[in-house]
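Examination of the molecular architecture
Single-letter residue listing:
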Amino acid sequence: MKMLYITQAESDLGLFSWGDKSYVFGHEKKIRDQIEAFGALGIDTDYYNKRKFKKADKLSVGVRVIRMLPHVQTYPKIIYTDAINGYDAYYIRFKGADYPFYKFLKKLRANNPNAKILLEFPDMDFVKRLAKRAVTIPLYWKNQYFLKKAEKIVDRSVTMNGSTRFLGFQNIPIINGIVTRRIKLPENEKQSDDNTLHLGMVATFYPVHGADILIESMHQYYCNENNHRKIFLHIVGASRHMDAYRETVKNYHLEDFVLFHGYLSDEPLDEVYAQLDIGVCEMAAFRRSYPISSALKCREYLAKGLPIISSVKNDAIQEGYPYFKVIDTSDGTFDMNEIAAFYDAIFKQKTVKEVREEIRDYAEKTVEMTVTLKPIAEYLSASESAEV
């Protein structure tokens, strides 16, 4: 089977700059990994990303308003060429629905009547969020209208919400996956320690990550003279909020305990991971309505063999998994001793090496991308068999 992977939103280069180097965006890495995983699952997949679009911040206010009208282009327009035709299946990574997008789907179906068309929604709350602001309500109705028309063209949607229906589409539920072989398990001879504890949060920081809550909780912990263990927080990544985080750390005199590493990748990132005892996922889940996380970094922590704390359940982790702890942060802070107790319970009976290997094995069985994309491959394989 041959499939064409089409992106509606990502940049042509998929790169951003940090210092004097260029790095691949996380979403671009994910696309490349998905294409590779589909190949491993027997679906020969090509990539197509020819689009035409001008960013809103480069347009006049009048043009931005006009773009909200029903039949005017709002989102990146996929440029249709002959290279698109002739595939058995099409996997489209969705950004937004407007008239050009609907026209593209109609032409795709007309030229490839027997092909399967799948529409992946990487941001499942996108349409719902448009309805929450008066200024974007026209876009909400625009998306609703053209997605409704697309129901007759698209064979399946693909989401990470665990449901067999999404909007008006029959849905294939999957979870986020990673390529575990690209993530090295730390090889240092780290030992469990009653005196120190190293936490790490790796992210492109948004309010839902709750770095401010972690810093506030660290402050409260160190204000208590009875704390017997030194807890360190490693913050790895970039954000427009980073200056505020640094200022708070400075005001609280936590510079020795909250360490900012900036954006890291490859060996420098591996060196930080080797120091960590626990990986920290989203610690401010109350700042959004979605009740379960699909965060990719949580999967990376698993592949690194790290126990994990979070303020929300994760779709990759089974109920009762011993190396994952949900902590309530809805009051804007929490007791750091909860993390210390979690750590002590884990390493009371097992070595760091044993725990790392158990968690890594769990990652390979649950979040390896060839595992998470298997429902899509099974659907396409069943469809192909039915046609023979």
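Along each chain, the written sequence defines residue order, and numbers are assigned to residues from 1. For a predicted model such as this one, the threshold for reporting local features is a pLDDT of at least 70, and the threshold for listing and counting side-chain atom pairs is 80 or more; totals across whole chains, interfaces and linings nevertheless cover every residue. Think of the side-chain values as coming from all heavy atoms in the structure, minus any hydrogens and water.

**Regarding a negative patch on the surface**
Nonpolar side chains (Val, Leu, Ile, Met, Phe, Trp, Tyr) are joined into patches within 5 Å and like charges within 9 Å, using only residues with over 30% relative accessible area and no salt bridge. Here the Shrake-Rupley method, with its probe set to 1.4 Å, supplies the accessible areas, and only the displayed protein chains count as covering residues. Basic side-chain nitrogens of Lys or Arg form a salt bridge, by our definition, when they fall within 4 Å of a carboxyl oxygen of Asp or Glu. Note on charges: Lys and Arg go in the positive column, Asp and Glu in the negative column, and His and the chain ends are not counted at all. Here the site of a charge means NZ on Lys, CZ on Arg, CG on Asp, or CD on Glu. There is a patch of like negative charges on the surface, built from Asp328, Asp331, Asp335 and Glu338. Helix numbering and strand numbering both begin at the N terminus, where a helix is a DSSP run of H or I of at least 4 residues and a strand a DSSP run of E of at least 2. Note on placement: Asp328 falls in the loop between strand E19 (324–326) and helix H10 (337–347).

**Let's talk about the environment of Ala131**
Relative to the helices and strands, Ala131 resides in the loop between helix H4 (126–130) and helix H5 (137–150). Spatially, the C-alpha atoms of Ala131 and Leu185 are 43 Å apart, while their sequence positions differ by 54 residues. When checking whether two residues touch, look at their non-hydrogen atoms; a contact exists if any pair is within 4.5 Å. Each residue touching Ala131, except ones within four places of it in the same chain, is listed here: Ile137 and Tyr140.

**A short note on empty space enclosed by the protein**
Where empty space is left can be seen by rolling a probe of water-molecule size over the atoms. A cavity, in this analysis, means grid points on a 1 Å lattice covering only the protein atoms where a 1.4 Å probe fits yet has no way out; a pocket is instead an open set bounded by protein on both sides within 12 Å along at least five of seven lines, and a residue lines either one if it has an atom within 4 Å of a point. Grid points are joined across faces, edges and corners, and a volume is the space filled by probe spheres set on the points. One pass over the structure, following the stated rule, counts three cavities of 30 Å³ or more. What lines the largest cavity is Lys190, Leu276, Asp277, Gly305, Leu306, Pro307, Phe347, Val352, Val355 and Arg356. Per element, the largest residue contribution to the lining of the largest cavity is three residues, and it comes from helix H11 (residues 352–366). Under the scheme applied, nonpolar residues are Ala, Val, Leu, Ile, Met, Phe, Trp, Tyr, Cys and Pro; charged residues are Asp, Glu, Lys and Arg; polar residues are all the others, including Gly. Looking at the lining of the largest cavity residue by residue, the class counts come to six nonpolar, one polar and three charged. Its volume calculated, the second largest cavity comes out at about 40 Å³. Residue composition of the lining of the second largest cavity, grouped by class: seven nonpolar, no polar and one charged.

**Observations regarding the confidence of the model for the chain**
The pLDDT score gives, residue by residue, the confidence of the prediction method on a 0 to 100 scale. A residue-level look at the chain finds 93% of positions with pLDDT of 70 or above and a mean pLDDT of 89. With pLDDT under 50 throughout, residues 12–24 is counted as low confidence; its partners more than four residues away or in other chains account for 27 contacts.

**Here we look at the state of the cysteines**
We call a pair of cysteine sulfur atoms a disulfide when they lie within 2.5 Å. Under the definition given, this model contains zero disulfides. Looking at the unpaired Cys298, the closest cysteine sulfur is the one in Cys281, lying at 3.5 Å.

**Observations concerning a positive patch on the surface**
A cluster of like positive charges, contributed by Lys52, Lys77, Lys103 and Lys107, occupies part of the molecular surface. Tracing the backbone shows Lys103 in helix H3 (residues 99–111).

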